[in-house]
Amino acid sequence: LREVIALHVHHRHPPPRHGRRRRAPAPPPAPHLFSDPAEIEALRGNLLAWYDRCKRDLPWRTLATTELDADRRAYAVWVSEIMLQQTQVATVIDYYNRWMQKWPTLQALAQASLEEVNELWAGLGYYSRGKRLQEAARKVVSELAGQMPRTAEDLQKLLPGVGRYTAGAIASISYGQATGVVDGNVIRVLCRLRCIGADSSSPPVIDRLWDMANTLVDRSRPGDFNQALMELGATVCVPKAPLCGECPVKQHCRARRRVSMTPKSGPEGLLCVGGCPLCPPATEPWDSSLGVTNFPRKAAKKQPRVVKTATCVLERRGCHGAPEYLIVQRPNSGLLAGLWEFPSLLLAQGLQEEKQQEALADHLQAWMGWPVAAGDLQLIGEVVHIFSHIHQTYVVYSLPLDGDVTLDPASSPSRWVTEEEFHASAVSTAMKKVLGDTWAFPSFPLGSSPQPLSPSTPSSGHRLLRDGTFHVWDHRRAVLR
Ligand code: SF4
């Protein structure tokens, strides 16, 4: 979201044509502004005092304050910011510590292989982030003499994958540049502080929020101020049930004041008269049952694309009798680039189960170079995985093999792995679910034909798995969510 916001802003202003000047946008109406210097000063002081008292101890914060070398400091902040995009702090901590232990400097990261990066990133999601981070580190080492750009403007201009938000965060936290940041948490806090109810993902509103962040940022402690604003959004001014009573800036919050207004108390300058570009739209006015969570508002989310993929767990007995699985590497670009998976085939919409099985058998046959009968594939179930923009269903089949398989060297890179090696490989969370699903269901003996499930096998039921996902099965078909 942080980079999408930055992208909107970045591409919004085309260069003026024919020498004509772009007209400056009208200033926002007073209720949505921070225009009183005394109030700004008070807000900064209150927020920073709260941050000093209540901030969470996080490894990247420690590095940002203890690391003396500016390049190492900027690198440490950069890694944390990329990992934190669309990912919770609690999940990131362990990944961050392992990453910084393995690649403590830009130079170390630049020498790593994509395979190593993907292995460490496995499970964190949005895999292109790790790849882009490494590409940018290589650029700093090879083209910028190993020195990180020293301003937000240069960071954004020179480093691939670094947008306006990340550049502002690195520059303010690592170098003390007085520049604001706008991410999802900051949007929520600012929209509530100033009753901004227009679509908060629209470029004009995002522009206003950047202006506001740049106005508010504390000149002497910009990095701490930005982190404090984000921390407030993450821990107090949360989306559904904000803790307004504990909020250090509640006296500056116009959404809170709006909640306490009665019809008799009058608008107190909190409402604009007609056609305000920052107020809630007339079609969705203030809803008193929502309180401060009237803000922010977003346009309806686009529905994710629905995709179905057939995937086959090819299994053999390894030299010590333990099962081994065949995994193949995905192409180096696109979704889950460079990651490993079970041999898979994207299915056409609306394909019947029988046809899916035949299509997968043909695919495996072409890939392995020896006959695979559709009937040999045992249907295990379905695994549903939600990517940010894709609702992916994997239809999982299993195929036990007797003996080795010699693959065409021209096909995608592949290898046999034990279960332990599988989990240590650069595989996605969805593929881990697929293997878990395969283990959860009775398999037929190696080298034999698929058998119908025994009469003692329950025909339907459900159970909660240890990772919190819900496992439902119905006859032969399992659906894992
Ligand atoms: Fe958010 Fe409530 Fe604080 Fe306003 S008072 S900024 S709504 S937590």
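These numbers were taken from a predicted model, which means no experiment stands behind them. (Residues numbered from 1 in each chain as written. Predicted model: local features only at pLDDT ≥ 70, side-chain atom pairs only at ≥ 80, totals over all residues. Heavy atoms only, no water.)

Trainee: Is there a simple way to think about the overall build of the protein chain in this case?
Mentor: Regarding its fold elements, the protein chain presents 17 helices and 10 strands. Relative to its 481 residues, the protein chain shows a buried fraction of 47%. Sequence separation of at least 24 residues holds for 67% of the intrachain contacts in the protein chain that already meet a minimum separation of 6. About 24,000 Å² of surface is accessible on the protein chain, with carbon and sulfur atoms providing 54% of the total. (Helix = DSSP H or I, 4+ residues; strand = E, 2+ residues; numbered from the N terminus. Buried < 20%, exposed > 50% of the residue type's maximum accessible area, 1.4 Å probe, protein only. Contact = heavy atoms within 4.5 Å. Areas by Shrake-Rupley, 256 points an atom, 1.4 Å probe, with all protein chains shown as cover.)

Trainee: Sorry, what's going on with the side chain of Gln356 here?
Mentor: Tracing the chain through its elements places Gln356 in helix α15 (residues 353-368). Gln356 gets classed as buried once you look at its relative accessible area, which sits at 5%. Those residues within four positions of Gln356 in sequence are excluded, and the remaining contacts are Lys308, Leu347, Leu351, Val395 and Tyr397.

Trainee: Would you take a moment to explain the packing of helix α3 (residues 59-66) against helix α4 (residues 70-84) for this structure?
Mentor: Helix-helix packing is characterised by the crossing angle of the two axes and by the distance between the axes. Look at α3 against α4: their axes get within 8 Å of each other, and the N-to-C directions meet at 160°. Comparing their axes, α4 and α3 come out roughly antiparallel. Two packed elements cross with a definite hand, and for α3 against α4 that hand is left-handed. Seen from α3, the contacting residues are Trp60, Leu63 and Ala64; seen from α4, they are Arg73, Ala76, Val77, Ser80 and Leu84. Class assignment of the residues belonging to the contact of α3 with α4 gives a composition of six nonpolar, one polar and one charged. (Axes fitted to C-alpha atoms, helices over the stretch in contact; angles between N-to-C directions. Parallel < 35°, antiparallel > 145°, perpendicular 65-115°, else oblique. Left-handed = near helix turned anticlockwise from the far one by under 90°. Nonpolar A, V, L, I, M, F, W, Y, C, P; charged D, E, K, R; others polar.)

Trainee: Honestly, the pairing of strand β1 (residues 305-317) in this entry has me stumped. Any pointers?
Mentor: Each regular strand shows side chains that alternate between the opposite faces of the sheet. Across 11 bridges, the pairing between β1 and strand β6 (residues 390-400) is parallel. Within β6, the residue paired with Glu315 across the bridge is Pro400. Where β1 lies against strand β2 (residues 323-329), three bridges are found, and the strand directions are antiparallel. Along β2, the bridge assignment pairs Glu315 with Tyr325. (Pairing = 2+ DSSP bridges.)

Trainee: What is the right way to look at the nonpolar core in this model?
Mentor: What tends to happen in soluble globular proteins is that the nonpolar side chains get buried as a cluster. Counting residues in each nonpolar core, the largest one holds 105 residues, and the members touching the most others are Tyr75, Trp78, Met83, Trp99, Leu232, Phe342 and Tyr394. If one sorts the elements of this core by residue count, α4 sits on top with nine residues. Not counting the four nearest positions on each side in its chain, Trp78 is found in contact with Leu106, Leu133, Ala136, Ala137, Met148, Leu159, Val162, Thr166 and Ile170. Grouped together as the second largest cluster of nonpolar side chains are 19 residues, Ala310, Trp367, Val372 and Val395 included. (Core = buried A, V, L, I, M, F, W, Y, C linked by side-chain atoms within 4.5 Å.)

Trainee: Would you mind showing me how to read the site of the ligand here?
Mentor: Every residue close to the ligand is listed here: Arg192, Leu193, Cys237, Cys244, Cys247, Lys250, Cys253, Arg256 and Val292. Among the detected pockets, the ligand sits in the largest cavity. (Near = heavy atom within 4 Å. 1 Å grid on protein atoms, 1.4 Å probe; cavity = no way out; pocket = protein on both sides within 12 Å on 5 of 7 lines; lining within 4 Å. Sits in = over half its atoms within 2 Å of the grid points.)

Trainee: Just to check I follow, could you spell out empty space enclosed by the protein for this structure?
Mentor: If you roll a probe as big as a water molecule over the atoms, it shows you where there is empty space left. Per the counting criterion, the structure on display carries three cavities of 30 Å³ or more. Taken as a whole, the largest cavity encloses approximately 120 Å³ of empty space. Lining the largest cavity are 15 residues, and of these Arg192, Cys237, Cys244, Cys247 and Cys253 lie nearest its centre. Tallying contributions element by element places helix α11 (residues 184-193) first for the lining of the largest cavity, with three residues. Residue classes in the lining of the largest cavity are distributed as 12 nonpolar, no polar and three charged. Residue assignment for the lining of the second largest cavity shows that the elements contributing at least two residues are α4 and α8 (128-143). Take the lining of the second largest cavity: its biggest share by element is three residues, from α8. (Points joined across faces, edges and corners; volume = space filled by probe spheres on them.)

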